[in-house]
Amino acid sequence: MKTLPPRFSSPPLLEGLLQSVHEVLGATTKATPIQSLSLKHLFKPPVHLSLSKDTDLINDPPSPAWNQYLLASETGSGKSIAYMLPMFQYLKLTENSPAPLPDCAPPSPKHLMNSSPRGLILAPTHELSRQLSSFAKALLHNVRLRVVCTSQANTLSSSRGRTSTASQFKRELARSDFGLSGESQFSKKGRPIDILVSTPAKILEMTRGWGWDKAEKIEDDWDEARKERARNWIPGNAEASLALIEWVVVDEADILFDKDFQETTRLLLADIARARGYEHPSFSSLKMTFMPSPDVPNAMPPIAYPFNLVLTSATIPSSLSTYLSVNHPELTRLASPKLHQLPTTLKTEHYAYTSGNKNVDVEKRIRSVWAEDSASNRKARSKVLIFCNKSSKVDDLHLYLKEQGIANIPLTSDGQARHHGSNRHLAGFLKTKNEEANLPPADTLTDPHVMITTSLLSRGLDFSPQIKHVFILDEPRNMIDFLHRAGRSGRAGNEGHVVIFGKMKGRGSGSARDVKRKIYALAH
C-alpha cells in the first residue's frame, strides 16, 4: 500500500500552488493527515484532457469522469487546504479547456458568461464564507484564479422590500464586497469568475432571481388578495449561471445536510446538475431522503452529479452517513484517525455553578483567566469565546458583563453587532495574517476580549490562537455540537482550554454528570 505524502510537493501540486502554500504555511510545514489523504487521492488529472482528439466526448463520454469525496477530520486540522488545493489545480489545468456539456444541457445565457463560476464553495454562514474567500485568495496569489464572495449579513436581505430586484441586490452587493483591486467583484465586465464562495441560499437568489421562492410561501391565514399577489409574484432576473460549474465543495456538510438546511443545499445541487444536462428522480421531491426498502422492487438509483463533489466535515452524524450510503454509494470517504476526538492540545474543565446568578460565576472565571495570564507574564491578555444555547442568554450576559466593566461583543444571527458584507464584527477574534506568520497580534487592554454567541460561530471559522478559552454555559444539545464549539480553541496544534459550566452536585445534577462522562470519552 502506498504511503501517504508527508509534505506538500510538486508534483502533485503545480509549482505556483506549492509556492503559495509555502508562503501561507511555511516551507517546512508538514501535511496533516487529512491533507495527506487529499494529496494522495484528490489530485487526479482531468479525464477530458487526457484523451485523444478522436474521442467522442459527447456520445461516448469516459466513465467515471466525475468523483465524489467526503473529507472528515477533527476541527483545526486544515480541511480547507485539503479541498482547496485539488479544486484550484483542476480549475487551473482546465482554464482554457472546460469539460464539454452534453447536447441535452439547456443553452447557457450568453450575457451571464462572465458571472458563471467554474467552482463553488458552499458554507453555512456568511462569516465563514468571507473567511474562506480570503484564504482562497491567499492560496491563489501565484496561480491567478478569480475568487468572488457574494455573502452578506442576513439583515441586508431582510431589509429589502417587495419591489427589490436582483439587479438592485447586485448593486448593493458591489458596494459591500470589493476585490483586492478595488473594483466590484461581481460584475458582468472584466475577467470571468473562477470560484464563487457563499451560502446555498444566497447563490439560489443570484441564479433564480431575488424573491424566487415568494410564490411558494403562502400561508393559510392570508386573505385571498394577499394570496393572489403571492401567486402572481415575478422574481428578479438571474445574475449568474450554473452551467460551467465543474467542482462543488460543501463545507461543514454535517450542517448543510442537516434537516434545517438540506432542502436548500440539495436544491442548489440539483439546479447545477440540470444546468449541465443531468436529471435524477430525487430532484422532484427534495424534501424527502430516499431510503432503500425491500418492498420497493426498483430502488432509487444513486445520484451521479455531473461535477466533482467534495463534502467536508469535522463530524459525521448518523443521518449524514445514512444519506450518503443510500444516495452516493460510490462516494470515497477519507477520514483522519482522530475524527470525533478532542485535540490533545485542548484541556477540559468542568466548572460548577455556585450561586443562583450564573452570570456571577462566569464573570469570576473570566477574571481568573486574566489573573493566570498576569501570573505567567503573558504579553497579551487571553480572549474568551462564550457559547450559549439561546440568543436571550447572550444578550443577558452581555449586559451583565458590560455593567461589571468587562467589554464584550454579543453576536447572534439577528443581532445588531453583525455587520453587512464584512467580518468587522469579528475583528480581533479571527485568525489574522500576522498570526499565520507567527507575528504578535496588535492588541490593547481596551479592546473587547470576550465574545458571546450561539452556534452561529461554532462551524468552520478559524479563530485566533489568542482565544485560549472557550466557555460552554449551557448543556450541549449533543456531542457533535460540543465538538464544534470546543474546537474553536486548541486549533492547529495550539493549546486551548474548554470550560463546561453546570450543576455538578445535588438535585438536577445528573444530566451534567452524564455530559461529563461523554466528554471524557471524547478526550480519551
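Residues numbered from 1 in each chain as written. Predicted model: local features only at pLDDT ≥ 70, side-chain atom pairs only at ≥ 80, totals over all residues. Heavy atoms only, no water.

Caption draft 1: Region of interest: the packing of helix H3 (residues 79-93) against helix H4 (residues 126-139). Where H3 meets H4, the axes come as close as 11 Å, and the angle between the chain directions of the two elements is 55°. By the angle between their directions, the pair H3 and H4 is classed as oblique. Between H3 and H4 lies a crossing of right-handed hand. Touching Ser80, Ile81, Tyr83, Met84, Leu85 and Phe88 of H3 are Leu132, Phe135, Ala136 and Leu139, all from H4. (Axes fitted to C-alpha atoms, helices over the stretch in contact; angles between N-to-C directions. Helix = DSSP H or I, 4+ residues; strand = E, 2+ residues; numbered from the N terminus. Parallel < 35°, antiparallel > 145°, perpendicular 65-115°, else oblique. Left-handed = near helix turned anticlockwise from the far one by under 90°. Contact = heavy atoms within 4.5 Å.)

Caption draft 2: Quick peek at the sheet that holds strand E8 (residues 346-352). The strand order across the open sheet built from six strands is E8-E13-E12-E9-E11-E10, with neighbouring strands paired in parallel fashion. Every interior strand has two partners, whereas the edge strands, E8 and strand E10 (408-411), have only one. Sheet twist, expressed as the mean angle between neighbouring strand axes with direction ignored, is 20°. Of the strand pairs in this sheet, strand E9 (residues 383-387) and strand E12 (residues 467-472) are connected by five bridges, and their pairing is parallel. Across the sheet, leucine 385 pairs through a bridge with valine 470, a residue of E12. (Pairing = 2+ DSSP bridges.)

Caption draft 3: Seen up close, the nonpolar core. Core analysis: the largest hydrophobic core is formed by 67 residues, its most contacted members being Phe88, Ile195 and Phe482. The element best represented in this core is H3, accounting for nine residues. Beyond its immediate sequence surroundings of up to four residues, isoleucine 195 is in contact with Met87, Phe88, Leu91, Gly119, Ile121, Leu140, Leu145, Arg146, Val147 and Val148. Of all hydrophobic cores here, the second largest spans 36 residues; its members include Leu120, Ile203, Val250 and Ile255. (Core = buried A, V, L, I, M, F, W, Y, C linked by side-chain atoms within 4.5 Å. Buried < 20%, exposed > 50% of the residue type's maximum accessible area, 1.4 Å probe, protein only.)

Caption draft 4: How the structure looks around the packing of aromatic side chains. Following the criterion strictly, the structure yields eight aromatic pairs and no others. Residues phenylalanine 257 and tyrosine 323 carry aromatic rings whose centres are separated by 5.4 Å and whose planes lie at 35° to one another, so their mutual orientation is tilted. Of this pair, phenylalanine 257 sits in the loop between helix H9 (253-256) and helix H10 (262-275) while tyrosine 323 sits in helix H11 (residues 318-327); the two residues are 66 residues apart in sequence, bridging distant segments of the chain. Here phenylalanine 257 and tyrosine 323 have matching classes, each one buried. Geometrically, the ring pair formed by tyrosine 351 and phenylalanine 501 is tilted, given 5.0 Å between the ring centres and 50° between the ring planes. Placement of the pair is tyrosine 351 in strand E8 and phenylalanine 501 in strand E13 (residues 496-502), with a sequence separation of 150 residues. A relative accessible area of 15% means that tyrosine 351 is categorised as buried. Assessed through its relative accessible area of 5%, phenylalanine 501 is described here as buried. One aromatic cluster in this structure is built from Tyr278, Phe283, Tyr305 and Phe307. The side chain of arginine 208 reaches across the aromatic face of tryptophan 212, ending 4.7 Å from its centre. (Phe/Tyr/Trp six-rings, centres within 6.5 Å; stacked < 30°, edge-to-face > 60°. Lys NZ or Arg CZ within 6 Å of the ring centre and 35° of its normal.)

Caption draft 5: Focus on empty space enclosed by the protein. Under the defined criterion, the tally for this structure stands at two cavities of 30 Å³ or more. Of the volumes computed, that of the largest cavity is approximately 70 Å³. Around the largest cavity, the lining is made up of 13 residues, and of these Phe463, Ser464, Pro465, Arg491 and Asn494 lie nearest the centre. When its residues are assigned to classes, the lining of the largest cavity shows four nonpolar, four polar and five charged. Roughly 60 Å³ of internal volume is contained in the second largest cavity. (1 Å grid on protein atoms, 1.4 Å probe; cavity = no way out; pocket = protein on both sides within 12 Å on 5 of 7 lines; lining within 4 Å. Points joined across faces, edges and corners; volume = space filled by probe spheres on them. Nonpolar A, V, L, I, M, F, W, Y, C, P; charged D, E, K, R; others polar.)

Note that every value here comes from positions in space, so none of it alone points to a role or purpose.
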